[in-house]
Amino acid sequence: MIKGKLKSFLRPAYYRLPARICFGPSFQPTLDFLEESQTWGEDRLIEYQISKLRVMLRHCAEHVPYYRQLFHQVGFDPGNFRTLSDLRALPLLDKDTIRARLQDLLADNISHRQMLYFTTGGTMGKPLGLYNLKHSSGRERAFIYTQWKRVGFQHGDRRAVLMGWTVRSNRHWKYDASERAYVFSNFHMTPQNAAEYARVIRDNKLPYLHSYPSAAIDFAGHLKDLGMEAPRLRSVLGASENLYPGQREFIESFYGARLFSWYGHTENTILAAECEVSNYYHIFPEYGLAEVIKEDGAAAEQEGEMGELVGTSLDNFAMPLIRYRTDDWAVIGTGRCACGRCYRLIKETHGRRTQEMLVGKLDNLISVTALNMHTDIFENVYQLQFYQREKGKVELRLKRKPGYSERDSRRIIAALDEKMGDTMEVALNFADDIPLMPRGKFRFVIRELDLPRSVFDEVRLEKSSS
Ligand SMILES: [Zn+2]
């Protein structure tokens, strides 16, 4: 990857340099490879995964102390690895284990200088630190560009970015030539700034809005209130957050463009994206091995079955994650997509599901997704957030629009009472601003107490009542 100083010196011309120089040596080969591998049949894809895993498992046995010990304990021999299901002989790897054994999870034949340290949001506000290879970013970018290509995006296309990137400027937006991106701060979304952002997008004819869904909705809400039309877009590239009922419909109808959504995480073990013709997430088999594991430890395989996403990295040799528990949930889709790719399908994902639960008076778990906010009761609200510190009580923070009245409060309380009954007391709290998380993501639920039991129980309850 090109060094920062050179990068800023070359700024205007930077994007015209060969991709190898901009994004590192792994970018173009990965892009070319994915172009071809998406046409492969199922058997060939599985064969590819097995060969990659064999190399990874051998590396783990030889160079990663944690796995050397684990393989010995459970009698696992990478030399005998033949089918993907052989991996199930190994236990799942959770975040607490990573925290406790971080140093043992690093490969002893790769120097620290070649590694990149990063953190990801853990549960209960405890971030998790991890390592990857420094040059992995080019490969990562190739995967992202490959999926965006399905809605027309080409390497070199410009885009508007509204997803928590830092903007140090009084006008709260900047042009980043190295990314060909107009970056807008979603920490400063006021009516005045929203109007300015829309003007910049329109004047520069930016075809793509790369945004958290919550930020695209917040932006749209302001423009609507100002009586402004949406900028003309080819697609909204919506990343990194759960999609709640109604959000896709709202974004697509306001912007008059398709919302293209995908699932990914900073740990880089699983990537799954929609395609040209479907809103199902297609799991990239070339990226990592994804399993969907039910409560009883068996793999979810039937249409509509739900389980936790468990990922195994095929390329992170610095800190291999084998059967890593993501804390994210997926509902399986079966069959083959009309696009022709032989990728496995996911109907929906629920990221960080355990964080999206409220605890009722009876220790009952209430999924905020299940509250189904797709009604007009929040039409006079810019933003809302549930905040819980004790069981049976929740504070609903509301950022009100000018037209908000007592009637809105009554309707909101009545609707939530109907859903949660007498197991939850709801108090409304009007806020001028609901702060975003450090990386600019919006959290729908902030809960400062532990769940009384496994979230799997709640899944069962939801299923039996539906
Ligand atoms: Zn498809």
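Numbering of residues begins from 1 in every chain and follows the order in which that chain's sequence is written. For this predicted model, a pLDDT threshold of at least 70 governs which residues receive local features, and a threshold of 80 or more governs which side-chain atom pairs are given and counted, while totals over whole chains, interfaces and linings are taken from all residues. Water and hydrogen atoms play no part in the side-chain values, which are based on all heavy atoms of the structure.

> Teacher, can you tell me more about the overall build of the protein chain here?
Only DSSP runs of H or I reaching four residues or more are called helices, and only runs of E reaching two or more are called strands; each is numbered from the N terminus. Scanning the protein chain from N- to C-terminus turns up 13 helices and 20 strands. A 1.4 Å probe rolled over the protein chains alone gives each residue an accessible area, and that area as a share of the maximum for its type sets the label: buried under 20%, exposed over 50%, partly exposed in between. When the 466 residues of the protein chain are sorted by exposure, 54% land in the buried category. Split by element, the accessible area of the protein chain, about 21,500 Å² in all, is 50% carbon and sulfur. The Shrake-Rupley method, run with a 1.4 Å probe sphere, supplies the accessible areas, and residue values consider only the shown protein chains as cover.

> Help me understand the packing of helix H5 (residues 42-63) against helix H6 (residues 65-74), please; the structure alone is not making it clear to me.
When two helices pack together, their arrangement is given by the angle between the helix axes and by the axis-to-axis distance. Inter-axis angles, ranging from 0 to 180 degrees, are taken between N-to-C directions of lines fitted to C-alpha atoms, where helices are fitted over the stretch in contact. In contact at an axis separation of 6 Å, H5 and H6 are set at 100° when each is read in the N-to-C sense. Here H6 runs roughly perpendicular to H5, going by the angle between their axes. On H6, the residues that touch Leu57, Cys60, Ala61, Glu62 and His63 of H5 are Pro65, Tyr67, Arg68 and Phe71. Classifying every residue of the contact of H5 with H6 by side-chain character gives 6 nonpolar, 1 polar and 2 charged. Oblique is the label for any angle not covered by the other classes, which are roughly parallel (under 35 degrees), roughly antiparallel (over 145) and roughly perpendicular (65 to 115). Throughout, a residue-residue contact means that at least one pair of heavy atoms, one from each residue, lies within 4.5 Å. Residues are grouped as follows: nonpolar covers Ala, Val, Leu, Ile, Met, Phe, Trp, Tyr, Cys and Pro; charged covers Asp, Glu, Lys and Arg; every other residue, Gly included, is treated as polar.

> Explain the coordination of the zinc ion to me, please; I cannot follow it from the model alone.
The expected angle between donors at a tetrahedral four-coordinate metal is 109.5 degrees. At an octahedral six-coordinate metal it is 90 or 180 degrees. Counted as donors are the N, O and S atoms within 2.8 Å of the metal, or 3.2 Å for Na, K and Ca, while water is not among the atoms, so some sites may look incomplete. Only Cys275 (SG), His282 (NE2), Cys337 (SG) and Cys339 (SG) from the protein coordinate the zinc ion, and they sit 2.1 to 2.3 Å from it. Sequence spacing of the donor residues for the zinc ion, all on one chain, is C-x6-H-x54-C-x1-C. With a relative accessible area of 0%, His282 lands in the buried category.

> Please explain the packing of aromatic side chains as it appears in this structure.
Given two aromatic rings, one states the distance between the centres and the angle between the planes to describe the pair. Stacked, tilted and edge-to-face are the three classes applied to pairs of Phe, Tyr and Trp rings, where Trp contributes its six-membered ring and a pair requires centres within 6.5 Å; stacked means planes under 30 degrees apart, edge-to-face means over 60, and tilted covers the rest. The tally for this structure, following the rule as stated, stands at 28 aromatic pairs. Ring centres of Phe23 and Tyr145 lie 6.2 Å apart, and the angle between their planes is 80°; this geometry places the pair in the edge-to-face category. Of this pair, Phe23 sits in helix H3 (residues 19-23) while Tyr145 sits in helix H8 (residues 136-148); the two residues are 122 residues apart in sequence, bridging distant segments of the chain. Tyr145 shares its class with Phe23; the two are buried. The interplanar angle of 85° and the centroid separation of 5.1 Å between the aromatic rings of Phe254 and Tyr255 together place this pair among those described as edge-to-face. In terms of burial, Phe254 and Tyr255 fall into one category: buried. Put simply, the rings of Phe23, Phe27, Tyr145, Trp148, Phe153, Tyr208, Phe260 and Trp262 pair up and form one aromatic cluster.

That's the geometry; what it means functionally is another story.
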